[in-house]
Protein chains: 2
Amino acid sequence: MPVGTIEVRERAMSRSNKLAHDVRRRLEDGRTIAFNIISAPGAGKTLLLERTLQALNSEISVAVVTGDSYTQHDAHRLARYTGRLVQAVIAHDGCHLDASQIEQALHAIDLDYTDLLLIENVGNLVCPMAWDLGETAKVVLYSVTEGDDKPVKYPNVFRRADYAIFTKVDLLPHLEFDLGRAVGHARDLNPNLGIFYTSARTGEGMDEWFDFLRHRVNEVHIPLP
Amino acid sequence: MPVGTIEVRERAMSRSNKLAHDVRRRLEDGRTIAFNIISAPGAGKTLLLERTLQALNSEISVAVVTGDSYTQHDAHRLARYTGRLVQAVIAHDGCHLDASQIEQALHAIDLDYTDLLLIENVGNLVCPMAWDLGETAKVVLYSVTEGDDKPVKYPNVFRRADYAIFTKVDLLPHLEFDLGRAVGHARDLNPNLGIFYTSARTGEGMDEWFDFLRHRVNEVHIPLP
């Protein structure tokens, strides 16, 4: 990679970091919890969001920002469950969201009426980790079909994530996937990682995720003394 | 994305394309078939390569170039099956191989003694498609656990690939994956796409892939009239 690319990337990142700071302050002012949801393509981000909206939409005010490289496919899927969805425009071949796209999306989202902002990042396990969007926490989805060596291969992902959601755990009986080994690797890299074990298809473990979101939202809304 | 990034990227790509042209000529001179193997993280590239080396190493002279973002994990896995492996150095957070890395790798690979060069690209479904490495053909791996809407979401991948290998088909009975729908989408985008259906774990469909590689290698080695 020529040096020029790195310099331009650093300028873009520095600009994004400044905007992330603004976004974070606006989220805090609005008492909105925001999760930046990151995974490889096909790990189940959109399905997790669909199920989350179905479960929580009636009790929590949820808004969604979704980033897709080429199409509006995910946005169409999610629009069936919420009217509070913003499609972030990703440049062709772009591999991550940046804070300017979240800042743009916030023009369409009234944070005073939003408890929870779910940001579906671009399907990519590497680039999105480096870009702060102003989120409250980073959540990585890890499909058990991807092999139990993922934390070893992508250590930065597990170091920088606040939460990991194992997905498709209903398939474990059919896979050579050592869950203890995968969790051990992940915890070695990040002892504070919060971990969920889910199957959006069977519903296994989904209540723990929903309860966690309820809890995080309610924490923020405890009246100040 | 600031305009500067795009300009620098285009210069890097233009330089890579020139090198790809050289690589392609060297491969043709050496009568070496080269496949650029691309997929999302966890679709099974390394396992497919392990099985391929096990099956063909004794009859075909295979060399491997593997690109990993952070670690030498895949290189270590593959080194158990071949002494003809080159680890490409990927810049931190790099999301694809480029032709300069292949050109570098060829310093360590004598193409006169190589029938088949297998290039394991970085685990990423978007960036690698745009970069010509000088390969004979692009092969995309598509795990059936990733959902049957992948061709719709990543049309460029299926347009630009020469072959698609469905992986983990042993899991189909446990998934809501409509294989006919996925194949239909892929063929709509690319009627000439060659398709394989495999499970490296059960061995299903692997013989078709091995026979295809034998056939492609032998085609090249037919003596000129």
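Just so it is clear, the structure is predicted and the values come from calculations on it, not from any experiment.

How each quantity is defined
- Residues numbered from 1 in each chain as written.
- Chains lettered and ligands numbered in written order.
- Predicted model: local features only at pLDDT ≥ 70, side-chain atom pairs only at ≥ 80, totals over all residues.
- Heavy atoms only, no water.
- Helix = DSSP H or I, 4+ residues; strand = E, 2+ residues; numbered from the N terminus.
- Rg over C-alpha atoms; globule rule 2.2 N^0.38 Å.
- Buried < 20%, exposed > 50% of the residue type's maximum accessible area, 1.4 Å probe, protein only.
- Lys, Arg positive; Asp, Glu negative; His and termini not counted.
- Charge placed at Lys NZ, Arg CZ, Asp CG, Glu CD.
- Core = buried A, V, L, I, M, F, W, Y, C linked by side-chain atoms within 4.5 Å.
- Contact = heavy atoms within 4.5 Å.
- Least-squares fit on C-alpha atoms with pLDDT ≥ 70 in both.
- Expected span 1.5 Å × (residues − 1).
- Salt bridge = Lys/Arg side-chain N within 4 Å of Asp/Glu carboxyl O.
- Phe/Tyr/Trp six-rings, centres within 6.5 Å; stacked < 30°, edge-to-face > 60°.

(A) Structural detail: the overall build of chain A. For chain A, the helix and strand inventory stands at 8 helices and 7 strands. Here the C-alpha atoms of chain A give a radius of gyration of 17 Å, agreeing with the 17 Å that 2.2 N^0.38 yields for 225 residues. For the C-alpha atoms alone, the extent of chain A along its principal axes is close to 50 × 45 × 40 Å. Taking all 225 residues of chain A together, the buried fraction comes to 60%. Between the averaged position of the 24 positive side-chain charges in chain A and that of its 31 negative side-chain charges there is a distance of 3 Å.

(B) Inspection of the environment of B:H215 at higher detail. Residue and element names in this part refer to chain B. Along the chain, H215 turns up in helix α8 (residues 206-220). Assessed through its relative accessible area of 49%, H215 is described here as partly exposed. Spatially, the C-alpha atom of H215 lies 17 Å from that of L193, the residues being 22 residues apart in sequence.

(C) Quick peek at the nonpolar core. A:F166 and B:F166 are the most contacted members of the largest nonpolar core, which has 45 residues in total. Elements supplying a minimum of two residues to this core: β5 (137-143), α6 (155-160), β6 (163-167) and α7 (179-189) of chain A together with β5 (137-143), α6 (155-160), β6 (163-167) and α7 (179-189) of chain B. Sequence-distant contacts of A:F166, defined by excluding residues within four places in its chain, comprise A:Y142, A:V144, A:F177, A:L179, A:A182, A:V183, A:I195, A:F196, A:Y197 and A:T198.

(D) Seen up close, the relation of the copies chain B and chain A. Screw-axis analysis of chain B against chain A gives a translation of 0.0 Å along the axis, an RMSD of 0.0 Å, and a rotation angle of 180°. The relationship between the two copies is best expressed as a two-fold rotation axis. Interface overlap between copies: 100% of the residues of chain B at the interface are likewise at the interface in chain A, consistent with a symmetric, same-surface contact.

(E) Representation of helix α2 (residues 45-56) of chain A. A rise of 1.5 Å per residue sets the reference length of α2(A), with its 12 residues, at 16 Å; its end C-alpha atoms lie 16 Å apart and thus fit the reference within 8%. All buried positions along α2(A) are accounted for by A:K45, A:T46, A:L48, A:L49, A:E50, A:T52, A:L53 and A:L56.

(F) Spotlight on the pattern of salt bridges. This structure, assessed with the given rule, holds 30 salt bridges over all chains. Taking the shortest distance from any N to any O, the salt bridge between B:E59 and B:R214 comes out at 2.9 Å. Pair noted here: B:E59 is in the loop between α2 (45-56) and β2 (62-68) and B:R214 is in helix α8, with a separation of 155 residues, a long-range link. Here B:D148 and B:R181 are joined by a salt bridge, their closest N and O atoms 2.6 Å apart. Here B:D148, found in the loop between β5 and α5 (150-153), pairs with B:R181, found in helix α7; they are 33 residues apart in sequence, far enough to count as distant. B:D148 sits in the buried class, given a relative accessible area of 12%. On the basis of relative accessible area, B:R181 is assigned to the partly exposed category, the value being 38%. Within the structure, one salt-bridge network assembled from shared partners comprises A:E50, A:R77, A:R80, B:D149 and B:K150.

(G) The packing of aromatic side chains, seen in detail. Here the structure, examined in full by the defined rule, presents 26 aromatic pairs over all chains. Where A:F166 meets A:F177, the ring centres are 6.5 Å apart and the plane angle is 80°; that geometry is what we call edge-to-face. With A:F166 in strand β6 and A:F177 in the loop between β6 and α7, this pair connects stretches of sequence that are 11 residues apart. With relative accessibility at 1%, the residue A:F166 sits in the buried group. The class for A:F177 is buried, based on a relative accessible area of 9%. Measuring from centroid to centroid gives 5.8 Å for B:W209 and B:F212, while their planes differ by 25°, and the two rings are stacked.

(H) Molecular detail of the environment of B:S143. Residue and element names in this part refer to chain B. Checked against the element boundaries, S143 lands in strand β5. What makes S143 buried here is its relative accessible area of 0%. Among residues more than four places away in sequence, those in contact with S143 are A43, T167 and K168.

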